[in-house]
Amino acid sequence: MERTFLMIKPDGVQRGLISEIIGRFEKKGFTLVGMKFMAVPRELAEKHYGVHRERPFFAGLVDFITSSPVVAMVWEGEDVIASARKIIGATKPQEADPGTIRGDLGLTVGRNIIHGSDAPDTAEAEIALWFTAAELVSWKTSATSWLYE
Ligand code: IDP
Ligand code: MG
């Protein structure tokens with residue numbers, strides 16, 4: 001079973017989209033194993049987006065992520081990393097397919113609602129950056145045999 005890190009960004013929270021977004025992953029069949037509603041310290045935002053440090057949008061991105069609370073989550077399931085990226089849609093909402101979170105709910109790249117880890121190594125690093133082991137709950141949904149062969 002894979003785990004991935006997802007974060008509803010400040011725009012998703014401010015626009016009242018928390019339940020809409022969580023519902024999509026819940027209905028798909030993925031399992032929530034960690035969640036916290038939090039203000040993001042600047043240092044954490046800078047580390048999380050460290051790969052983009054040299055990009056022109058970096059400062060604005062860190063300002064945005066620290067401007068208002070987020071919902072940080074860890075979700076579990078088969079192929080959840082790639083599958084969640086598909087559910088989220090392309091980085092630019094203008095290019096995201098209808099049916100995806102960004103395609104249905106967003107307009108611009110600077111306000112694209114949600115973050116999702118893009119590969120197994122980044123998922124592992126981001127989960128460790130945002131959560132302690134004690135904040136993650138290993139459990140099995142009773143629907144398991146109705147979700148997996
Ligand atoms: P991703 O979130 O789909 O993985 P990345 O290319 O990793 O996209 O970029 C990380 C985040 O940086 C994006 O989700 C978006 O919030 C922000 N970002 C990326 N490109 C731009 C841009 O050109 N202008 C403003 N913000 C951007
Ligand atoms: Mg990315």
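1. Focus: the overall build of the chain
Looking only at helices and strands, the chain features eight helices and four strands. Counting from the amino terminus, helix and strand elements in the chain follow one another as β-α-α-β-α-α-β-α-α-β-α-α. In terms of overall size, the chain behaves like a compact globule, its C-alpha atoms giving a radius of gyration of 15 Å where 149 residues would be expected to give roughly 15 Å. Principal axes of the C-alpha set define a box for the chain whose edges measure 45 × 35 × 25 Å. Counting the 149 residues in the chain, one finds 46% classified as buried. By element, 54% of the accessible surface of the chain is carried by carbon and sulfur atoms, the whole surface being about 8300 Å². Within the chain, the 20 negative side-chain charges are centred at a point lying 4 Å from the centre of the 17 positive side-chain charges.

2. Thoughts on the pairing of strand β3 (residues 70-77)
Among the eight residues of β3, eight are classified as buried, and the element is accordingly described as predominantly covered. With seven bridges connecting them, strand β2 (residues 31-38) and β3 associate as antiparallel partners. From the neighbouring strand, phenylalanine 37 faces β3, where its bridge partner is valine 71.

3. Points about the packing of aromatic side chains
One pass over the structure, following the stated rule, counts three aromatic pairs. Seen in terms of ring centroids, phenylalanine 5 and tryptophan 130 are 5.0 Å apart; in terms of plane orientation they differ by 25 degrees. Their pairing is stacked. Of this pair, phenylalanine 5 sits in strand β1 (residues 2-8) while tryptophan 130 sits in helix α7 (residues 120-130); the two residues are 125 residues apart in sequence, bridging distant segments of the chain. With respect to class, phenylalanine 5 is no different from tryptophan 130; both count as buried. Summarising the aromatic geometry, the rings of phenylalanine 25 and tryptophan 75 are spaced 5.9 Å apart at their centres and angled 40 degrees between planes, so their arrangement reads as tilted. Residue phenylalanine 25 is located in helix α2 (residues 18-28), and its partner tryptophan 75 is located in strand β3; the two are separated by 50 residues in the primary sequence. Residue tryptophan 75 is classed as buried on the basis of its relative accessible area of 1%. Aromatic rings pair up to connect Phe5, Trp130 and Phe131 into one cluster.

4. Digging into α7
Given 3.6 residues per helical turn, the α-helix brings residues three or four places apart onto the same face. What α7 keeps buried is the set Ala123, Glu126, Ile127 and Trp130. Taken around the axis of α7, the buried residues stretch over an arc of 100 degrees, which confines them to a single face. Residues of α7 that are exposed and point more than 90 degrees away from the buried face comprise Asp121, Glu124 and Ala128. Check the buried side of α7 and you find it contacts β1, β2, α3 (42-48), β3, α5 (80-88) and β4 (114-116).

The rules behind the values
Residues numbered from 1 in each chain as written. Chains lettered and ligands numbered in written order. Predicted model: local features only at pLDDT ≥ 70, side-chain atom pairs only at ≥ 80, totals over all residues. Heavy atoms only, no water. Helix = DSSP H or I, 4+ residues; strand = E, 2+ residues; numbered from the N terminus. Rg over C-alpha atoms; globule rule 2.2 N^0.38 Å. Buried < 20%, exposed > 50% of the residue type's maximum accessible area, 1.4 Å probe, protein only. Areas by Shrake-Rupley, 256 points an atom, 1.4 Å probe, with all protein chains shown as cover. Lys, Arg positive; Asp, Glu negative; His and termini not counted. Charge placed at Lys NZ, Arg CZ, Asp CG, Glu CD. Pairing = 2+ DSSP bridges. Phe/Tyr/Trp six-rings, centres within 6.5 Å; stacked < 30°, edge-to-face > 60°. Arc of directions from axis to C-beta. Contact = heavy atoms within 4.5 Å.

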